Amino acid sequence: IKLLESLQGARIEQKTLNELKENFEIYFNAARKLSRVIIKTQGELDFSNYSDDIFAMNTAEMRVRSLLHEMLVQSRGAFSGSVTEANKSTRSGIRLGAVIGIITVLIILLAGIHITNKVIATIHAVNVSLKNMSDGDAILTTELTSPSNDEIGDLVESVNYLSYQLRILATTDRLTGLKNFAWFQEELDRRIHEYRRSKGDNHLSLVLFDLDHFKRFNDNYGHIHG
């Protein structure tokens, strides 16, 4: 009875449990009383003197059997419902797991596509930069952005360093270390664009000057001093 009371989900009525306990106690007490008499008399007793006890014991036994059968039916229905609910929960969990799995795979695929496109775009930018450097079509002033710290990042850093070195060679006079005419053209274009973007808020001036009779200085002191 204690075991049945401890079962969760059995949904057995308390009234049924109380009646089962009561009839079982009647049966047990009557059986214990008759057992003691049988042991004491060594089986030589007049059962007619204990007919009430025997009737009570048999009646209680039949009622206990009936109640146990009734409880079994109730438990089967309850456990059947629990199994059905468990199956539903399991199927729902499987469907949810499948959806989560599909979403995870899609996220991984999208992340892979994004990374691949980024790497392809970086390689394309590197190719364009190298082509411009080899053709001499432009003086590179913008660094490429490194997408990562792997081999692609090392390649981008190498291209940026090469671009920097080529820019110095293209804009600096190697004899004097001064900026050359190519740098002047680039700087003049940049200043003009800044002036146009400011829509008149900034001012732009270009000053040209020369030294009169500078040839005399070269003639007197030499071209190196000039």
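Residues numbered from 1 in each chain as written. Predicted model: local features only at pLDDT ≥ 70, side-chain atom pairs only at ≥ 80, totals over all residues. Heavy atoms only, no water.

(A) Broad picture of the overall build of the protein chain. Regarding its fold elements, the protein chain presents six helices and zero strands. When the helices and strands of the protein chain are listed from N to C terminus, the series reads α-α-α-α-α-α. Out of the 226 residues in the protein chain, the part that is buried amounts to 15%. Residue pairs at least 24 apart in sequence account for 52% of intrachain contacts in the protein chain once pairs closer than 6 positions are excluded. (Helix = DSSP H or I, 4+ residues; strand = E, 2+ residues; numbered from the N terminus. Buried < 20%, exposed > 50% of the residue type's maximum accessible area, 1.4 Å probe, protein only. Contact = heavy atoms within 4.5 Å.)

(B) Molecular detail of the side chain of threonine 172. When you line up the elements, threonine 172 lands in the loop between helix H4 (151-171) and helix H5 (181-198). Once you skip the residues sitting within four places of it in the chain, threonine 172 turns out to touch Gly177, Leu178, Lys179 and Asn180.

(C) Layout of the nonpolar core. Of all hydrophobic cores here, the largest spans five residues; its members are Leu17, Leu20, Val64, Leu67 and Met71. Ranked by the residues each element gives to this core, the list is headed by helix H3 (residues 51-135), at three residues. (Core = buried A, V, L, I, M, F, W, Y, C linked by side-chain atoms within 4.5 Å.)

(D) Quick look at H5. Taking 1.5 Å per residue as the helical rise, H5 with its 18 residues ought to reach 26 Å, and the 26 Å between its terminal C-alpha atoms agrees with that figure. The N-cap of H5, judged by a side-chain oxygen 3.2 Å from the amide nitrogen of alanine 182 a few residues on, is asparagine 180. Looking one or two places after H5, you find lysine 199, whose phi comes out positive at around 55°. (Expected span 1.5 Å × (residues − 1). Polar contact = N/O pair within 3.5 Å; in protein donor to acceptor, adjacent residues only side chain to side chain.)

(E) Representation of the packing of H4 against H5 in the model. Relative orientation of the contacting elements H4 and H5 amounts to 105°, with a least axis distance of 7 Å. As judged from the angle between their axes, H4 and H5 are roughly perpendicular. Residues Arg167, Ala170 and Thr171 of H4 pack against Ala182, Trp183 and Glu186 of H5. The residue makeup of the contact of H4 with H5, split by class, is three nonpolar, one polar and two charged. (Axes fitted to C-alpha atoms, helices over the stretch in contact; angles between N-to-C directions. Parallel < 35°, antiparallel > 145°, perpendicular 65-115°, else oblique. Nonpolar A, V, L, I, M, F, W, Y, C, P; charged D, E, K, R; others polar.)

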